[in-house]
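Close look at the chain arrangement
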Amino acid sequence: DAGVIQSPRHEVTEMGQEVTLRCKLISGHNSLFWYRQTMMRGLELLIYFNNNVPIDDSGMPEDRFSAKMPNASFSTLKIQPSEPRDSAVYFCASSSASDRGLFEAFFGQGTRLTVV
Amino acid sequence: SQQGEEDPQALSIQEGENATMNCSYKTSINNLQWYRQNSGRGLVHLILIRSNEREKHSGRLRVTLDTSKKSSSLLITASRAADTASYFCATDARTGNQFYFGTGTSLTVIP
């Protein structure tokens with residue numbers, strides 16, 4: 001398995017444009033996490049899916065952010081419209097959940113988003 | 001942070017010395033995990049300790065967990081320049097199964 005794959009690696013966009021970040025999970029994992037990392041706020045959990053269902057989206061900052069998981073292996077995070085304060089590195093991570101909790105998370109390489 | 005805090009925020013040591021990082025968290029957990037992040041890269045899992053365990057070893061890593069104090073420590077022995085990275089603890093909350101990360105410790109190992 002190639003691991004968690006995120007695309008694009010870098011994205012530069014103008015304020016007001018729509019941005020879509022993509023993530024391919026590791027085969028067999030049933031949990032998917034989207035994180036945002038900035039110097040000021042560290043690693044923030046945005047949303048968590050389990051078995052393709054959003055379980056906790058309390059970390060999604062605003063209605064401008066939306067995430068989907070159309071199938072067990074793929075997820076998107078969309079920002080519409082984008083703002084300069086959305087500039088950050090966005091990570092997705094996948095894991096397996098059991099009745100004993102979560103196993104280790106595997107992270108993608110991240111998407112560095114710059115909104116100008 | 002959403003769940004925990006690491007301290008110190010930054011640590012600088014000489015190669016060969018031991019490095020200790022601490023993590024405090026807020027809620028009941030299933031397990032606690034430590035991750036490493038090299039600059040510009042994603043996080044990589046180092047070690048997992050379950051809530052019913054008190055200590056765990058993996059190579060040069062030693063992790064302790066005190067659930068009564070809601071704290072954990074990561075010890076890296078005989079540090080190497082290649083250990084230079086940021087280290088994060090992550091808690092698997094008992095309610096909800098989310099991963100919450102602490103603020104991280106930036107470790108610099110001077111050759």
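Placed above this text is the structure.
What you see is a predicted model; the values in this text were computed from it and never measured. (Residues numbered from 1 in each chain as written. Chains lettered and ligands numbered in written order. Predicted model: local features only at pLDDT ≥ 70, side-chain atom pairs only at ≥ 80, totals over all residues. Heavy atoms only, no water.)

What about the sheet that holds strand β1 (residues 5–7) of chain A?
Residue and element names in this part refer to chain A. Pairing is antiparallel in the open sheet, where four strands are placed in the order β1-β3-β8-β7. Since the sheet does not close on itself, it has two edges, and those belong to β1 and β7 (65–71), each with one partner. Each strand axis lies, on average, 15° off the axis of its neighbour in the sheet, ignoring direction. Where β1 meets strand β3 (residues 19–24), three bridges bridge the pair, whose relative direction is antiparallel. Paired with S7 across the bridge in β3 is R22. (Pairing = 2+ DSSP bridges. Helix = DSSP H or I, 4+ residues; strand = E, 2+ residues; numbered from the N terminus. Axes fitted to C-alpha atoms, helices over the stretch in contact; angles between N-to-C directions.)

Notes on the state of the cysteines
Each disulfide is one covalent bond, formed between the sulfur atoms of two cysteines. Residue and element names in this part refer to chain A. For the structure shown, the criterion picks out two disulfides over all chains. Each sulfur of the disulfide joining C23 and C92 lies 1.9 Å from the other. Across the S-S bond of C23 and C92 the torsion is about 80°, and the bridge reads as right-handed. You can see C23 sitting in strand β3 and its partner C92 sitting in strand β9 (residues 88–95), a full 69 residues away along the chain. Residue C92 is classed as buried on the basis of its relative accessible area of 0%. (Disulfide = S-S within 2.5 Å. Buried < 20%, exposed > 50% of the residue type's maximum accessible area, 1.4 Å probe, protein only.)

Let's talk about the nonpolar core
Judged by nonpolar contacts, the single largest core of 22 residues is most densely connected at L32(A), W34(A), M60(A), A67(A), L77(A) and Y90(A). Listing elements by their share of this core, those giving two or more residues are β3, β4 (31–38), β5 (42–50), β7, β8 (74–79), β9 and β13 (111–115) of chain A. Once residues lying within four places of it in the same chain are set aside, the contact partners of L77(A) are V19(A), T20(A), L21(A), W34(A), L46(A), M60(A), S66(A), A67(A) and Y90(A). Formed by 20 residues, the second largest nonpolar core is a distinct cluster that contains I13(B), C23(B), I47(B) and I76(B). (Core = buried A, V, L, I, M, F, W, Y, C linked by side-chain atoms within 4.5 Å. Contact = heavy atoms within 4.5 Å.)

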